[in-house]
Each structure stands twice: as structure tokens, then as C-alpha cells.
Amino acid sequence: MSNPYAPPDPSKPRPPRPQPPAGRRPSQPPRPRPEPRQPTPEEVRGVTTSVMLFGALMMGTLLAGSLPIPWQVAAPFVGLLSLWYGFRALLRVRRLQWRGMLTPMLVAGLLLTMMTTMSATTRVTLFWDEQTAYQRCSERAITIAAQERCDREYREAISPGG
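Residues numbered from 1 in each chain as written. Predicted model: local features only at pLDDT ≥ 70, side-chain atom pairs only at ≥ 80, totals over all residues. Heavy atoms only, no water.

## Describing the overall build of the protein chain
Item 1. When helices and strands are tallied, the protein chain shows five helices and zero strands.
Item 2. When the helices and strands of the protein chain are read in sequence order from the N terminus, they spell out α-α-α-α-α.
Item 3. Counting only C-alpha atoms and orienting by the principal axes, one finds that the protein chain spans roughly 95 × 50 × 35 Å.
Item 4. Counting across all 162 residues of the protein chain, residues that qualify as buried make up 21%.
Item 5. Summarising the internal contacts of the protein chain: among those between residues at least 6 apart in sequence, 63% fall at separations of at least 24.
Item 6. As displayed, the protein chain offers around 13000 Å² of accessible surface, 64% of which is attributable to carbon and sulfur atoms. (Helix = DSSP H or I, 4+ residues; strand = E, 2+ residues; numbered from the N terminus. Buried < 20%, exposed > 50% of the residue type's maximum accessible area, 1.4 Å probe, protein only. Contact = heavy atoms within 4.5 Å. Areas by Shrake-Rupley, 256 points an atom, 1.4 Å probe, with all protein chains shown as cover.)

This is the structure we're talking about:
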């Protein structure tokens with residue numbers, strides 16, 4: 001019995017290659033992909049600046065959403081501004097054809113910012129009275145039991161059946 005892992009015997013003739021069926025063209029060899037061009041330092045600086053600005057505005061959206069009630073109105077506007085700069089950063093990255101994880105991270109950041117902006121907008125527009133009542137109650141709550149009562153009243157106020 002011969003060794004199946006041994007290299008082929010060079011003295012043996014090779015079996016003929018199978019021919020493609022009639023009417024079909026033989027497959028073309030794949031074209032080599034052109035190398036992506038290297039971005040200039042100015043382009044890299046511009047993309048980096050826009051990504052960092054997007055990240056800062058995204059964090060600003062989160063922070064503005066946790067401010068006291070009159071200042072929470074800023075959260076949807078900061079969120080929209082963050083979405084604008086995030087889309088611009090994504091377009092810049094795609095235009096430069098950067099490979100790696102920057103594009104998926106920007107898309108994930110845009111989705112998170114969109115959800116945060118929608119949440120902040122909903123809280124400000126639909127639950128303004130409930131938010132102000134909760135804020136007043138929390139300011140007066142001295143004990144843990146009083147804070148828990150405020151939390152329970154707020155949850156009951158914003159629940160669909162409440």
C-alpha cells in the first residue's frame with residue numbers, strides 16, 4: 001500500500017485536467033485588487049478630529065439627559081448635532097476607504113446616539129409634568145424610604161396603565 005501523504009511521483013504522467021462543458025467559458029483568473037492609497041496627514045487629522053468631536057458630542061448627549069429638568073431640553077439638540085457630526089465622520093472614513101474597526105464602531109455609536117436622542121426627546125416632550133414632579137419629590141426626600149416612594153410614584157405615573 002502506498003503512502004497517501006507522500007508527494008506525487010514525478011515520473012508518473014499527470015491525469016488530464018477536466019475540460020469545461022461546451023458553451024461555457026473557462027473562468028477568468030481573479031483580477032488583482034488595487035492597493036488602497038495612503039491618506040495624507042491632513043486627511044488623517046481631519047478624520048481623527050471629526051471622530052473625536054462625534055464622541056464628545058455623544059457623551060454630551062448622555063450628560064445633558066441626566067441634568068435637571070429645564071436643562072434636559074438641551075439633550076435632543078445635542079443628540080441631533082452629534083448625529084450630524086457622526087454621519088460626517090462616517091462619510092469621511094468611507095471616502096478614505098480605511099480598513100479596520102473604525103467604520104463598525106462609528107455605526108454602533110450612531111445607533112446608540114440615535115436611541116439616546118429618541119429617549120431624551122420622549123422624556124422631555126411626553127413626560128415633562130412627571131419629570132418635574134419626580135424632581136421636586138427627590139429634592140425633598142431625605143430618607144431612603146422617601147426616595148423609594150418618589151421612584152415608585154414616578155414609575156406609576158409613566159407606566160401605560162397608570
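Moving on, there is more to tell.
## With respect to the packing of aromatic side chains
Centre distance and the angle of the planes are the two values used to describe a pair of aromatic rings.
Item 1. Within the structure shown, the criterion is met by one aromatic pair.
Item 2. Ring centres of Tyr-134 and Tyr-154 lie 4.8 Å apart, and the angle between their planes is 35°; on these two criteria the pair is classed as tilted. Pair noted here: Tyr-134 is in helix 4 (residues 128–140) and Tyr-154 is in helix 5 (residues 144–158), with a separation of 20 residues, a long-range link.
Item 3. Residue classification places Tyr-134 among the partly exposed residues on the basis of a relative accessible area of 25%. (Phe/Tyr/Trp six-rings, centres within 6.5 Å; stacked < 30°, edge-to-face > 60°.)

## Considering the nonpolar core
The tendency in soluble globular proteins is for nonpolar side chains to be buried as a group.
Item 1. Core analysis: the largest hydrophobic core is formed by nine residues, namely Val-47, Phe-54, Leu-83, Ala-89, Leu-90, Val-93, Leu-96, Leu-106 and Leu-110.
Item 2. Secondary structure elements with two or more residues in this core: helix 1 (41–65), helix 2 (74–96) and helix 3 (102–126).
Item 3. Here the element with the most residues in this core is helix 2; it accounts for five residues.
Item 4. Sequence-distant contacts of Val-93, defined by excluding residues within four places in its chain, comprise Val-47, Trp-98, Leu-102, Thr-103 and Leu-106. (Core = buried A, V, L, I, M, F, W, Y, C linked by side-chain atoms within 4.5 Å.)

## Digging into the side chain of Thr-117
Item 1. In this structure, Thr-117 sits in helix 3.
Item 2. With residues up to four places along the chain from it excluded, the contact list for Thr-117 reads Thr-61, Pro-76, Gly-79, Leu-80 and Leu-83.

## Focus: helix 3
Each α-helix turn comprises 3.6 residues. Residues three or four places apart therefore point the same way.
Item 1. Helix length check: helix 3, at 25 residues, gives a terminal C-alpha distance of 35 Å against a target of 36 Å (1.5 Å per residue), a fit within 8%.
Item 2. Of the positions making up helix 3, those classed as buried are Thr-103, Leu-106, Gly-109, Leu-110, Thr-113, Thr-117, Ala-120 and Val-124. (Expected span 1.5 Å × (residues − 1).)

## Description of the confidence of the model for the protein chain
Item 1. Mean pLDDT for the protein chain: 88, with 94% of residues reaching 70 or above.
Item 2. The lowest-confidence element of the protein chain is helix 4, averaging 92 in pLDDT; the highest-confidence one is helix 2, averaging 94. (pLDDT = per-residue confidence, 0-100.)

## What about a nonpolar patch on the surface?
Item 1. The grouping of Phe-87, Val-107, Leu-111, Met-114 and Met-118 at the surface amounts to a nonpolar patch, some 460 Å² of accessible area in total.
Item 2. Among the secondary structure elements, Met-114 is positioned in helix 3.
Item 3. You can call Met-114 partly exposed: its relative accessible area is 34%. (Patch = residues over 30% accessible without salt bridge, like charges linked within 9 Å, V, L, I, M, F, W, Y side chains within 5 Å. Salt bridge = Lys/Arg side-chain N within 4 Å of Asp/Glu carboxyl O.)

## Focus: the packing of helix 1 against helix 3
Item 1. For the pair helix 1 and helix 3, the least separation of the axes is 10 Å and the interaxial angle reads 25°. Taken together, the axis directions place helix 1 and helix 3 in an arrangement best described as roughly parallel. Crossing geometry of helix 1 relative to helix 3 is assigned as left-handed. Contact with helix 1, carried on its side by Val-47, Val-51, Phe-54, Met-58, Thr-61, Leu-62 and Gly-65, involves Leu-102, Leu-106, Gly-109, Leu-110, Thr-113, Thr-116, Thr-117 and Arg-123 of helix 3 and no other residues of that element. (Axes fitted to C-alpha atoms, helices over the stretch in contact; angles between N-to-C directions. Parallel < 35°, antiparallel > 145°, perpendicular 65-115°, else oblique. Left-handed = near helix turned anticlockwise from the far one by under 90°.)

## A word on the side chain of Thr-103
Item 1. Counting through the fold element by element, Thr-103 comes out in helix 3.
Item 2. Here Thr-103 is in contact with Leu-90, Val-93, Arg-94 and Trp-98, once residues within four sequence places are set aside.

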